[in-house]
Amino acid sequence: MERNTRGGKGATKGPRLLVGLGYLFVLAIVGEWVVMETLYPTEPLTTDYAFTLLFNGLPALGISYGGYWLRRSDIEPDQYRRVVRWCLGGLVVFCSLNLVMIAIWPAEGFRANLGWARGTAVFGAVGGLLVGGIEARTVRRARVAERETAHTKHVESQRRWFGYLNSLLRHEVLNTANVIEGYSELLIDDDPDELAADRLEVIRRQSRSLTDVIDDVRVLLEATEEPDELEAVNLSAMLADRLAELRVRDPRADVRTAVPDDVFVRADGLLSRVFSNLLHNAVEHHDGDRPTVSVSVETTDETALVTIADDGPGVPEAKRDAIFEGDVRSSNHGLGLYLVRTLTERYDGTVELRETGPEGSVFAVELPLAEKSTGVFDPAEAVVPAAIAVWTG
């Protein structure tokens, strides 16, 4: 059992008291035997008397063990006093009642009365310790249930707020960004002067960037929720759709693929954002006229490895260690790669930057394979499938 170390040194007082009480009983029993042998040397130690000493000594050791157990249990330190009070209360009450009975109906002989008193003290303490431990555990379970209820309410409240924020981003901020971009394009089409055209192009570019950030934030809000049961997603078809989308968005890109048909992984509908962000980064930050992006998929018995390589300028050395940490101040990768990592971990997968430098970068995404079964999520059913082939612009 995991050791309970909460509460500092003060939290050990109760358990130490129980340990000491148990040892005190044992010493008292041993002392009683020594004294009796000394005072009554002519009266041999009977078997019954020796048995009562042993019968009381083992529960006394149990009290000491209870102190050790209490310190290592999951009972909160503020409940230690409750357990100790029950133990001492059981000792005092049970022993007092029996002392009254001894006074009224004494047993034959001093040893018998002493054994009677000793036994009631030990078993009263043991009984109180058991009751106190049970009550403390009951309090512990009640507190855990209360915390779980509070946590559930907090999670539900967060979910409602996330839903509100998602709706706000979709219907207010995103629509506004689209309106700004649309009007900037209309003004650009009106053939403005060179200075105005440059400024309108900046407005359009920033509007598109804002739209991408809003989309990423919306997906992150969805990713904070626990996923439903993951299903088989057709990785091959999904990659084909994302590559076709990339070609439409940036016709200058030279996209090369080596993707086998019908590779299924365990994921959900948000998986496409992993690869749309990686592919977007591959061409967005390219400083040449014709970016080249290579996408390949390799499978093992348990995983699918997707490799995306580009011939861009690479990731600056100062940013490589924290590239997936979601630094929104970064104009180079920022939130997009943080979203990639978050979603990949959602599917029990991994993502890493394997190579980067002046000759380009290589990202690798590893995902668990899934068996194709009834009811799979297949993006090819919703989008006209694009052939998996080597595309050259």
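Residues numbered from 1 in each chain as written. Predicted model: local features only at pLDDT ≥ 70, side-chain atom pairs only at ≥ 80, totals over all residues. Heavy atoms only, no water.

Asks: So what's going on with a nonpolar patch on the surface? Residues and values would help.
Replies: Together, Tyr23, Leu54, Leu58, Leu61, Tyr65 and Tyr68 give the surface a local cluster of nonpolar side chains, amounting to about 650 Å² of exposed area. Broken down by element, the residue count for the nonpolar patch peaks at 5 residues, all from helix α2 (residues 47-72). Along the polypeptide, leucine 61 turns up in helix α2. For leucine 61, a relative accessible area of 42% corresponds to the partly exposed category. (Patch = residues over 30% accessible without salt bridge, like charges linked within 9 Å, V, L, I, M, F, W, Y side chains within 5 Å. Areas by Shrake-Rupley, 256 points an atom, 1.4 Å probe, with all protein chains shown as cover. Salt bridge = Lys/Arg side-chain N within 4 Å of Asp/Glu carboxyl O. Helix = DSSP H or I, 4+ residues; strand = E, 2+ residues; numbered from the N terminus. Buried < 20%, exposed > 50% of the residue type's maximum accessible area, 1.4 Å probe, protein only.)

Asks: Tell me what's going on with the sheet that holds strand β7 (residues 360-368), and back it up with residues and numbers.
Replies: Two pairing modes exist for strands in a sheet, parallel and antiparallel, and in both the strands are linked by backbone hydrogen bonds. Pairing in this open sheet of 5 strands is mixed, and the strands run β2-β4-β5-β7-β6 from one edge to the other. In the strand order of this sheet, the two ends are held by β2 (254-258) and β6 (350-357), each with one partner. Geometrically, the sheet is characterised by an average inter-axis angle of 15° between neighbouring strands, direction not taken into account. In this sheet, strand β4 (residues 292-299) lies alongside β2 in parallel orientation, the contact comprising 5 bridges. Each bridged residue has a counterpart across the sheet, and for arginine 256 the counterpart in β4 is serine 294. (Pairing = 2+ DSSP bridges. Axes fitted to C-alpha atoms, helices over the stretch in contact; angles between N-to-C directions.)

Asks: Could you give an account of the environment of leucine 337, naming the residues involved and the relevant values?
Replies: On the secondary structure map, leucine 337 appears in helix α8 (residues 335-346). Residue leucine 337 is classed as buried on the basis of its relative accessible area, which comes to 0%. With 56 residues separating them along the chain, leucine 337 and asparagine 281 place their C-alpha atoms 8.8 Å apart.

Asks: Can you tell me about the pattern of salt bridges, naming the residues and giving the values?
Replies: Within the structure shown, the criterion is met by 13 salt bridges. For the salt bridge of arginine 252 with aspartate 250, the shortest nitrogen-to-oxygen distance reads 3.0 Å. Overall, aspartate 250 belongs to the buried group, its relative accessible area being 12%. Three or more residues joined by partner-sharing salt bridges are found here, namely Asp74, Glu76, Asp78, Arg137, Arg140, Arg143 and Arg147.

Asks: An account of the side chain of asparagine 234 is needed here, citing residue identities and associated values.
Replies: Looking at where asparagine 234 falls in the secondary structure, it is placed in strand β1 (residues 231-234). Within the structure, asparagine 234 has its side chain in polar contact with the backbone nitrogen of serine 236 (distance 3.2 Å). One polar contact links asparagine 234 to aspartate 262, side chain to side chain, over a distance of 3.4 Å. (Polar contact = N/O pair within 3.5 Å; in protein donor to acceptor, adjacent residues only side chain to side chain.)

Asks: Run through helix α3 (residues 80-104), naming residues and quoting values.
Replies: Compared with an ideal rise of 1.5 Å per residue, which puts 25 residues at 36 Å, α3 spans 36 Å between its outermost C-alpha atoms and is within 8% of the ideal. Every buried residue belonging to α3 is among Tyr80, Val83, Val84, Cys87, Gly90, Leu91, Cys95, Asn98 and Ile102, and all of these are buried. (Expected span 1.5 Å × (residues − 1).)

Asks: Explain the packing of aromatic side chains to me, using residue names and the numbers behind them.
Replies: Tallying each qualifying case throughout the model produces 1 aromatic pair. Ring centres of phenylalanine 324 and phenylalanine 363 lie 6.2 Å apart, and the angle between their planes is 85°; this geometry places the pair in the edge-to-face category. Remark: phenylalanine 363 occurs in strand β7 and phenylalanine 324 occurs in the loop between β5 (303-310) and α8; sequence separation between them is 39 residues. Here the two residues phenylalanine 324 and phenylalanine 363 agree in accessibility, since each one is buried. (Phe/Tyr/Trp six-rings, centres within 6.5 Å; stacked < 30°, edge-to-face > 60°.)

Asks: Give me the lowdown on helix α7 (residues 271-284), citing residues and values where you can.
Replies: Under the 1.5 Å per step criterion, the end-to-end length of α7 is 20 Å for 14 residues, consistent within 8% with the ideal 20 Å. Burial within α7 is extensive, with 13 of its 14 residues counted as buried.

Asks: Explain the nonpolar core to me, using residue names and the numbers behind them.
Replies: Leu235, Leu271, Phe275, Leu278, Val295 and Val306 are the most contacted members of the largest nonpolar core, which has 41 residues in total. Put simply, the parts of the chain that give this core at least two residues each are α6 (235-249), β3 (264-267), α7, β4, β5, α8, β6 and β7. Looking at this core, the element that brings in the most residues is α7, giving 7 residues. Among all residues touching leucine 235, those that are not within four sequence positions of it are Val263, Phe264, Val265, Leu271, Phe275, Val297, Ala304 and Val306. In terms of nonpolar packing, the next biggest core, distinct from the first, is built from 18 residues, Val83, Cys95, Ala125 and Leu129 among them. (Core = buried A, V, L, I, M, F, W, Y, C linked by side-chain atoms within 4.5 Å. Contact = heavy atoms within 4.5 Å.)

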